[in-house]
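Observations on the model geometry
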Amino acid sequence: MSALAVGGSSLRTSLTRYQRSWGFWLLLLVAPVGARFMISGEDGKGIVLAIGGHLPVLTSPVLGVWLGIVVSTLLLPVAFIYLRSNTNRLQPWQVEEVTVGSRLAIMLGRFAADVAVLFGMLAALTAAGWFLGLLMVSGPLDLPAITVALWVIAAPALMGVAAIRILFDAVPWLRRGLGDLAFMVLWILSIIMPVAVQNEASSLATNLYDFPGFIRPLVGEAPAEGQDFAIGGVAVEPGRVNLDVERGLAADGYLESRAVWAIIAMLMAGVAGLIYRPHAAPKRAKADGILSRALAYGPPPKVRPDAPAARAAALPLAGLVLAEIRLIGAGRVFKLLAVAAAVAGCFGDYRHVGSPAALVLLIFALSAHAGRSEARKLLALSAQASLSPMVRRVAFIVGGLVWSMLIAIPAAVARMSGEPLVLAAATGLAACVIAITMATATRSSFAPRIVLLILWYGYFSS
């Protein structure tokens with residue numbers, strides 16, 4: 001079987017599964033609908049692109065750059081969420097990993113399918129940009145300028161996200177929660193690194209720091225001293241400034257850097273095929289050390305042949321809440337980390353030390369348990385219980401809130417203040433509601449985990 005045939009088969013199979021998924025069509029619908037909210041007016045409703053505290057004059061090239069920057073910075077986590085949680089997240093690896101087909105060809109085929117889907121979303125956003133241009137652009141409407149600016153900025157970034165997804169699928173320890181955390185770190189670095197070279201003259205070397213591609217269109221080829229910009233939800237002052245984004249797009253080394261990032265994405269997908277490691281059952285660590293014995297679950301209780309039949313619980317709702325508390329905090333590792341977070345909260349500023357530490361621990365625990373409890377087959381079973389799944393979801397929220405409050409109690413006692421408890425109640429409640437809502441919608445732990453990590457970063461850095 002030739003590698004070309006294997007890659008083509010992988011591409012066709014992935015695209016067919018995408019087409020049969022409602023999520024794919026929802027993605028194509030969300031792009032044009034959300035385009036209007038990506039462009040802010042003077043009222044600040046939408047995503048702001050500000051130069052020196054002022055909005056730029058909305059010409060056709062600026063419109064394309066604006067949409068492209070929003071995609072390549074703020075919406076990359078959404079693209080990653082979709083790629084990791086869509087219908088293609090389940091692959092027949094039990095069959096593929098024992099065949100003689102080229103793993104490199106299979107991974108490249110999947111990468112091409114992911115890129116095709118993301119480019120389809122970008123095409124829908126381009127069409128929406130054309131329509132917005134008719135309504136909002138100052139001056140002549142230039143459809144090619146909108147298209148070129150949008151694709152030059154956003155296309156390499158989306159290819160990079162698809163490549164990261166393929167690379168993480170190739171490495172066993174990046175296929176789950178650790179991969180989500182690794183993507184968060186990479187995404188944050190991709191936004192921070194370009195700022196380090198924003199005051200340097202344009203060249204291929206400096207533009208390679210700019211994976212999202214937003215620096216050069218905003219600051220130009222030779223940045224002015226003290227020039228600043230902002231992307232996101234920020235306040236703006238009245239009046240608009242002229243922004244020559246076409247000169248920035250044509251700056252030395254900028255277009256070459258975008259091509260290099262696209263090539264790097266393709267090389268990453270190829271590397272994923274070369275380093276792919278098969279799925280394997282996790283090896284149980286030998287309990288021959290003090291730490292291993294301390295973290296081990298221990299043997300199950302002995303079976304009692306003469307045990308009486310189970311009786312109905314006197315307080316079923318209370319029992320359900322206690323069960324959710326135990327399941328969220330399952331394992332000795334969680335309890336040790338919870339104690340560490342509680343101790344850390346007794347020192348320093350609780351808002352920036354203890355609260356973020358407790359919250360990041362709860363994010364992984366809540367998303368993991370929410371994903372388990374909302375699995376399709378388990379949900380069909382739990383629906384037959386005396387208490388409905390909706391009651392169980394409420395119990396989940398209560399259980400997570402209890403853990404959040406328990407971790408905050410030492411900080412409240414040490415400070416003789418109720419502020420840590422109030423903060424723990426607010427953040428814990430928000431995390432629980434988001435976790436169970438996202439898990440219910442996606443039937444997985446991935447989406448709530450990555451969304452909560454993004455929100456945690458905003459909370460931690462604010």
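What comes next concerns the included structure. As the structure is a computational prediction, the values presented were derived from the model and not from experiment. (Residues numbered from 1 in each chain as written. Predicted model: local features only at pLDDT ≥ 70, side-chain atom pairs only at ≥ 80, totals over all residues. Heavy atoms only, no water.)

Applying the stated criterion across every chain yields a total of six aromatic pairs. Summarising the aromatic geometry, the rings of Phe-80 and Phe-183 are spaced 3.9 Å apart at their centres and angled 5° between planes, so their arrangement reads as stacked. Here the residue Phe-80 occupies a position in helix 4 (residues 76–85), and Phe-183 occupies one in helix 8 (residues 177–192), the gap between them amounting to 103 residues. Their ring planes at 75° and their centres at 5.1 Å tell us that Phe-211 and Trp-261 sit as a pair that is edge-to-face. Placement of Phe-211 in the loop between helix 9 (204–207) and helix 10 (215–219) and of Trp-261 in helix 12 (residues 254–275) is noted, with a sequence separation of 50 residues between them. Each member of the aromatic cluster is reached from another via a ring pair, and the members are Phe-80, Phe-168 and Phe-183. (Phe/Tyr/Trp six-rings, centres within 6.5 Å; stacked < 30°, edge-to-face > 60°. Helix = DSSP H or I, 4+ residues; strand = E, 2+ residues; numbered from the N terminus.)

Here we come to the side chain of Ser-355. Summarising the element assignment, Ser-355 is placed in helix 16 (residues 354–373). Judged by its relative accessible area of 4%, Ser-355 is buried. In this structure, Ser-355 is in contact with Tyr-350, Leu-423, Thr-427 and Tyr-459, ignoring residues within four places of it in sequence. (Buried < 20%, exposed > 50% of the residue type's maximum accessible area, 1.4 Å probe, protein only. Contact = heavy atoms within 4.5 Å.)

For the rest of this paragraph, the subject is helix 4. Quick reminder: α-helices carry 3.6 residues per turn. Residues three or four places apart thus point the same way. Burial analysis of helix 4 places nine of its ten residues in the buried class, which makes it a mostly covered element. Those residues of helix 4 not exposed but buried are Leu-76, Pro-77, Ala-79, Phe-80, Ile-81, Tyr-82, Leu-83, Arg-84 and Ser-85.

One non-glycine residue with positive phi stands out, namely Met-416, at about 50°. Examined against the element boundaries, Met-416 turns out to sit in the loop between helix 18 (389–415) and helix 19 (419–442). A residue is classified by how much of its surface remains accessible, and Met-416, at 73% relative accessible area, is exposed.

Counting across every chain of the model gives nine salt bridges. Here Glu-374 ties to Arg-393 by a salt bridge, and the two come within 2.9 Å at their closest N and O atoms. A residue pair is termed long-range when its members are at least 10 positions apart, and Glu-374 in the loop between helix 16 and helix 17 (376–382) and Arg-393 in helix 18 qualify at 19 residues. Each member of the pair, Glu-374 together with Arg-393, is buried. (Salt bridge = Lys/Arg side-chain N within 4 Å of Asp/Glu carboxyl O.)

This next bit is on the environment of Ser-72. Of note, Ser-72 is situated in helix 3 (residues 60–73). Measuring from C-alpha to C-alpha, the distance between Ser-72 and Ala-157 comes to 5.6 Å, with 85 residues separating the pair along the chain.

Helix 19 packs onto helix 18 with a crossing angle of 155° between their chain directions and a minimal axis gap of 8 Å. Taken as axis vectors, helix 18 and helix 19 run roughly antiparallel relative to one another. The crossing of helix 18 and helix 19 is right-handed. Listed contacts from helix 19 to Arg-393, Phe-396, Ile-397, Gly-400, Leu-401, Ser-404, Met-405, Ala-408, Ile-409, Ala-411, Ala-412 and Arg-415 of helix 18 are Pro-420, Leu-421, Ala-424, Ala-425, Thr-427, Gly-428, Leu-429, Cys-432, Val-433, Ala-435, Ile-436 and Thr-440. Partitioned by chemical class, the residues of the contact of helix 18 with helix 19 number 17 nonpolar, five polar and two charged. (Axes fitted to C-alpha atoms, helices over the stretch in contact; angles between N-to-C directions. Parallel < 35°, antiparallel > 145°, perpendicular 65-115°, else oblique. Left-handed = near helix turned anticlockwise from the far one by under 90°. Nonpolar A, V, L, I, M, F, W, Y, C, P; charged D, E, K, R; others polar.)

With that settled, consider empty space enclosed by the protein. Applying the stated criterion across every chain yields a total of one cavity of 30 Å³ or more. In this model, the largest cavity occupies a volume close to 40 Å³. Lining the largest cavity, in full, are Tyr-350, Ser-355, Ala-358, Leu-359, Leu-362, Ser-404, Ala-424 and Thr-427. For the lining of the largest cavity, the elements supplying multiple residues, two or more each, are helix 16 and helix 19. Of the residues forming the lining of the largest cavity, the biggest block, four residues, is contributed by helix 16. Residue composition of the lining of the largest cavity, grouped by class: five nonpolar, three polar and no charged. (1 Å grid on protein atoms, 1.4 Å probe; cavity = no way out; pocket = protein on both sides within 12 Å on 5 of 7 lines; lining within 4 Å. Points joined across faces, edges and corners; volume = space filled by probe spheres on them.)

This next bit is on the nonpolar core. By size, the foremost hydrophobic cluster in this structure holds 115 residues, and its most contacted members are Phe-111 and Leu-218. Broken down by element, this core gets its largest block of residues, 18 residues, from helix 7 (residues 143–170). When sequence neighbours within four positions are dropped, the list of residues in contact with Phe-111 reads Met-159, Ala-162, Ala-163, Ile-166, Ala-265, Met-266 and Ala-269. (Core = buried A, V, L, I, M, F, W, Y, C linked by side-chain atoms within 4.5 Å.)

Attention shifts here to the packing of helix 16 against helix 19. Taken N-terminus to C-terminus, the directions of helix 16 and helix 19 make an angle of 25°; their axes are 9 Å apart at the nearest point. The angle between helix 16 and helix 19 falls in the class roughly parallel. Crossing of helix 16 over helix 19 shows right-handed handedness. Contacts between helix 16 and helix 19 pair Ser-355, Leu-359, Leu-366, Ala-370 and Gly-371 from the former with Leu-423, Thr-427, Ala-431, Cys-432, Ala-435, Ile-436 and Ala-439 from the latter. Residues belonging to the contact of helix 16 with helix 19 are distributed by class as follows: nine nonpolar, three polar and no charged.

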